[in-house]
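Fold and geometry: a report
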Amino acid sequence: VIMGRHGSDTKFEVVGNSSNYLSFNGASFDLKSQTFDLSTTNLRIENSTPSIRVGPASGGSRITLDGSSSELTFNSGSGDLTLSGGGTSDTLFVTAPNTKFSGHITASGNISASDLFANSININGEIIRVHDDFIDMPSSGLIVTKGIQAESHITASGNISASGNVFANSININ
């Protein structure tokens, strides 16, 4: 243990060995430890896990970096945003009510959802619009309501069959 002045330099040192010490030389602070734990109300650094938490241990907003699971989690109190990765299974998990993304989202793989809510969808330039009681594709003239109504010609290369009655204003048979 050294505490005081060494010539004109202020010094403070606690040394266990070259891998475990605390040192201040008047201008800089240096800490080296093979294991290190720090626990305060709103900051936790834990060597054994290894993890770092900024914010309260439970409840409220906090950020947690977990070195053993390669996860970074943002807890807002009402939902979580977790970034996790590990080799080929890098993933982004978002679990929060009313999650909104601003800007374009691009994926090179599949996108799946149990529910999809949108006012319109653009698939390769074809716009599909969703209204209160129908869906339409304006460029192709297709409108889907409780039944199907076509505002343009329908061509079938195979048989057309119906399990019920067929109604038409006119039928042309060649």
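Below, the structure is looked at part by part.

Definitions and cut-offs
Residues numbered from 1 in each chain as written. Predicted model: local features only at pLDDT ≥ 70, side-chain atom pairs only at ≥ 80, totals over all residues. Heavy atoms only, no water. Helix = DSSP H or I, 4+ residues; strand = E, 2+ residues; numbered from the N terminus. Rg over C-alpha atoms; globule rule 2.2 N^0.38 Å. Buried < 20%, exposed > 50% of the residue type's maximum accessible area, 1.4 Å probe, protein only. Areas by Shrake-Rupley, 256 points an atom, 1.4 Å probe, with all protein chains shown as cover. Pairing = 2+ DSSP bridges. Axes fitted to C-alpha atoms, helices over the stretch in contact; angles between N-to-C directions. Contact = heavy atoms within 4.5 Å. Lys, Arg positive; Asp, Glu negative; His and termini not counted. Salt bridge = Lys/Arg side-chain N within 4 Å of Asp/Glu carboxyl O. Polar contact = N/O pair within 3.5 Å; in protein donor to acceptor, adjacent residues only side chain to side chain. Patch = residues over 30% accessible without salt bridge, like charges linked within 9 Å, V, L, I, M, F, W, Y side chains within 5 Å.

Describing the overall build of the protein
Looking only at helices and strands, the protein features 0 helices and 16 strands. Whereas a compact globule of 174 residues would reach a radius of gyration of roughly 16 Å, the protein reaches 32 Å, over 25% beyond that. Its C-alpha atoms give the protein principal-axis dimensions of about 110 × 30 × 30 Å. Expressed as a percentage of the 174 residues in the protein, the buried residues total 9%. Total accessible area computed for the protein in this model is approximately 14400 Å², and 53% of it derives from carbon and sulfur atoms.

Some details on the sheet that holds strand β4 (residues 29-32)
The strands that make up a sheet pair up through hydrogen bonds in the backbone, lying either parallel or antiparallel. In spatial order, the strands read β1-β2-β3-β4; together these 4 strands make up an open sheet with antiparallel pairing. The open sheet is flanked by β1 (2-6) and β4, the only strands paired with a single partner. Within the sheet, the average angular offset between the axes of one strand and its neighbour, ignoring direction, is 15°. Relative to strand β3 (residues 20-24), strand β2 (residues 9-17) runs antiparallel, the two being bridged by 5 bridges. Directly across from Asn17, in β3, lies its bridge partner Asn20.

Topic: the pairing of strand β7 (residues 51-54)
Looking along a regular strand, one sees side chains alternate from face to face of the sheet. Alternating positions in β7 separate cleanly, Ser51 and Arg53 being buried on one face and Ile52 and Val54 remaining unburied on the opposite face. One ladder, built from 4 bridges, connects strand β6 (residues 43-46) with β7; its direction is antiparallel. Its bridge partner lying in β7, Leu43 is registered against Val54. Counted between consecutive antiparallel strands, the loop separating β6 from β7 contains 4 residues. In this structure, β7 lies alongside strand β8 (residues 62-66), joined through 4 bridges in antiparallel fashion. In the strand pairing of β8, Arg53 is matched with Thr64.

Quick look at the environment of Ser69
Examined against the element boundaries, Ser69 turns out to sit in the loop between β8 and β9 (71-75). Taking the C-alpha atoms as reference points, Ser69 and Pro138, 69 residues apart in sequence, are found 48 Å from one another.

Quick notes on the side chain of Thr73
One can find Thr73 in strand β9. Setting aside anything within four residues of it in sequence, one finds Thr73 in contact with Arg62, Ile63, Thr64, Asp80, Leu81 and Thr82.

Considerations on the side chain of Arg53
Here Arg53 lies in strand β7. Nearest to the buried, unbridged Arg53 among oppositely charged side chains is Glu46, at 7.1 Å. Looking at Arg53, its side chain comes within polar contact range of the main-chain oxygen of Gly55, at 2.7 Å. Once you skip the residues sitting within four places of it in the chain, Arg53 turns out to touch Thr40, Thr41, Asn42, Leu43, Arg44, Arg62, Ile63 and Thr64.

Brief notes about a nonpolar patch on the surface
Judged by side-chain polarity, Ile52, Val54, Ile63, Leu65, Phe74, Leu81 and Leu83 come together as a nonpolar surface patch covering roughly 510 Å² of accessible area. Mapped onto the nonpolar patch, the elements with two or more residues apiece are β7, β8 and β10 (80-84). Along the polypeptide, Ile63 turns up in strand β8. Among the residues examined, Ile63 registers a relative accessible area of 37% and is labelled partly exposed.

Topic: the pattern of salt bridges
For the structure shown, the criterion picks out 3 salt bridges. Measuring nitrogen to oxygen at the nearest pair gives 3.8 Å for the salt bridge that ties Lys11 to Glu13. On the basis of relative accessible area, Lys11 is assigned to the partly exposed category, the value being 22%. One salt bridge connects Asp136 with Arg129, and the closest N-O pair in it is separated by 2.6 Å.

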